[in-house]
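Below are the chains, spelled out letter by letter.
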Amino acid sequence: MVACSALRCAAASRPFVAGVSTPRAAIGRVACSGRPAGEQQAAGGGRRGALQLLAGASLAAMLPARSVAAAAASVDQAAAVLEDPQWPEKFPFKPEYFQRYDESSDAIFYEQPRFVTHIDDGAINALTQFYAETFPPSGSKDAALLDICSSWISHYPAGYTAGRVAGLGMNEEELKRNSQLTEYTVKDLNEDPTLPYEDNAFDVITNAVSVDYLTRPIEVFKEMHRCLKPGGVAIMSFSNRCFPTKAIAMWTSTGDLDHIWIVGSYFHYSVPGGFAPPQAKDISPKRGLLGGGGDPMYVVFARKQPAAGSA
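All residue numbers refer to position in the chain's written sequence, counted from 1. Per-residue local features are limited, in this predicted model, to residues with pLDDT of at least 70; the limit for side-chain atom pairs, both in listing and counting, is 80 or more; totals at the level of whole chains, interfaces and linings are taken over all residues. Processing note: side-chain calculations cover all non-hydrogen atoms of the structure and skip hydrogens and water entirely.

Overview of the overall build of the protein chain
Here is the rule: Under the DSSP-based scheme used, a helix requires at least four consecutive residues in state H or I and a strand at least two consecutive residues in state E, with every element numbered from the N terminus. Each residue gets one of three labels from its accessible area relative to the maximum for its type: buried under 20%, exposed over 50%, partly exposed in between, using a 1.4 Å probe on protein chains only. Working rule for contacts: check all heavy atoms of both residues, and any pair within 4.5 Å makes them a contact. Residue exposure ignores everything except the shown protein chains as possible cover, and the areas themselves are Shrake-Rupley values with a 1.4 Å probe.
A count of helical and extended segments in the protein chain gives 12 helices and nine strands. With 311 residues in all, the protein chain has 54% of them scored as buried. Within the protein chain, contacts between residues separated by at least 24 positions form 73% of all contacts whose residues are at least 6 apart in sequence. Counting only carbon and sulfur atoms, one obtains 54% of the accessible surface of the protein chain, whose full area is about 13400 Å².

Okay, here's the thing in structure tokens:
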């Protein structure tokens, strides 16, 4: 497994030319972080160093002088990233940071169903456990959940049910196979980020290992805020695996801790004051004494603030 910067991903993917459709089945997920969290902390590079590579000194100057490594003194480095994020006054990312190596239609890329999992069993189990600790009790008839960028499996706890479990994804055959959904919608959020749901509809919105493919994340996060009930929670989860030709350039050029800050920024800037301050957690399976282990797993989550004047 090797880290995959934007340039390295492009070089490694020469058969996949921008604007040329490539069957998804032909592309495997690879490690897609510029630097894993542990290595990033040890090197002391952190968010400032990684984003400086993307934006040059002008953007780096807008960010806090301290590195993520200096901030991550607690046991959970992921949580530390958002404890004092020092957000710039304005959204710091340029449109070109959201470009992909393959800008052909996502509908073509996801045309063929693929009934596989994209993270290993340890990471799946960790995510499922986090969901179990966060979701409304199973069987709650008045509870409503939405899984965006959904597929044939949502990694929800086995047997979990709610009054409404909606899925929104790119491939109908995959969504049909998802037995926990009570309804589904096929839609490309990069083409139209509007969620086809009513206001204040869901207690929970999830997105498993797909936030890195969103090219219009601020618009999607605004929509998630609209569709969440006051006090509802949006949970974004990700590993260091991706289809590098379809992940945004900013993601493939940065490391795990940077990704936490990036996703946290989507919450922060999408609806100013609309979400509670985002939080992060490293839910990766515990590694052995000699290191190694499987895929890392992180969650970044935030709750919709109650409406002004509400009890």
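Quick notes on the environment of Ala162
On the secondary structure map, Ala162 appears in strand β3 (residues 162-169). Taking relative accessible area as the criterion, Ala162 reaches 14% and is therefore assigned buried. When the C-alpha positions of Ala162 and Ser138 are compared, they lie 6.1 Å apart, and in sequence the two are 24 residues distant. Here Ala162 is in contact with Ser140, Ala143, Leu145 and Thr182, once residues within four sequence places are set aside.

A closer look at the pattern of salt bridges
Basically, it comes down to this: In what follows, salt bridge is the name for a side-chain nitrogen of Lys or Arg lying within 4 Å of a carboxyl oxygen of Asp or Glu.
Overall, the coordinates contain 12 salt bridges when judged by the stated rule. Of the charged contacts in the structure, one is a salt bridge between Glu198 and Arg164, with a shortest N-O distance of 2.9 Å. Here Glu198 is found in the loop between β4 (183-186) and β5 (202-208), whereas its partner Arg164 is found in strand β3, with 34 residues between them in sequence. The class for Glu198 is partly exposed, based on a relative accessible area of 43%. By relative accessible area, Arg164 is classed as buried at 18%. The partner of Glu223 in a salt bridge is Arg226, and the shortest N-O contact between them spans 2.7 Å. Taken together, the residues span about one helical turn, with Glu223 and Arg226 both in helix α10 (residues 217-227) at a distance of three residues. Where salt bridges share partners, they join Arg100, Asp102, Glu103, Asp106 and Lys246 into one cluster.

Remarks on the confidence of the model for the protein chain
Put simply, the test is: Confidence scores labelled pLDDT are given residue by residue by the predictor and lie between 0 and 100.
Chain-level pLDDT for the protein chain is 81 on average; 73% of the residues reach the 70-or-more range. Confidence over residues 1-27 falls short of pLDDT 50; this stretch has 60 contacts with residues more than four positions distant or in other chains. In the model, residues 41-74 has pLDDT below 50 throughout and makes 62 contacts with residues more than four positions away in sequence or in other chains.

Quick word on the sheet that holds strand β9 (residues 298-303)
Think of a sheet as strands paired side by side through backbone hydrogen bonds, with each pair either parallel or antiparallel. Note the following rule: Being paired, for any two strands, means DSSP has found at least two bridges between them. Helix axes are fitted only over the stretch in contact, all axes being lines through C-alpha atoms; the angle between N-to-C directions runs from 0 to 180 degrees.
The sheet built from seven strands is open, its strands ordered β4-β3-β2-β5-β6-β9-β8 with mixed pairing. Strand pairing shows two members of the sheet lacking a second neighbour, β4 and β8 (279-282), which therefore form its edges. Here the strands of the sheet are splayed against their neighbours by 15 degrees on average, with no regard to which way each runs. Pairing geometry for β5 and strand β6 (residues 228-238), over six bridges, is parallel. Paired with Val204 across the two strands is Val233, which belongs to β6.

Notes on empty space enclosed by the protein
Heads up, the rule is: Buriedness of a pocket was judged along seven lines, with at least five required to meet protein on both sides within 12 Å; pockets are open sets of points on a 1 Å grid over the protein atoms alone, cavities are sets where a 1.4 Å probe fits but cannot get out, and lining residues have an atom within 4 Å of a point. Grid points are joined across faces, edges and corners, and a volume is the space filled by probe spheres set on the points.
Evaluated as defined, the whole model comprises one cavity of 30 Å³ or more. Here the largest cavity is characterised by a volume of approximately 460 Å³. Taken together, 32 residues form the lining of the largest cavity, with Tyr110, Cys149, Ser150, Ser151 and Ser210 sitting closest to its centre. Residue assignment for the lining of the largest cavity shows that the elements contributing at least two residues are β2 (140-150) and β3. For the lining of the largest cavity, the element with the highest residue contribution is β2, accounting for four residues.

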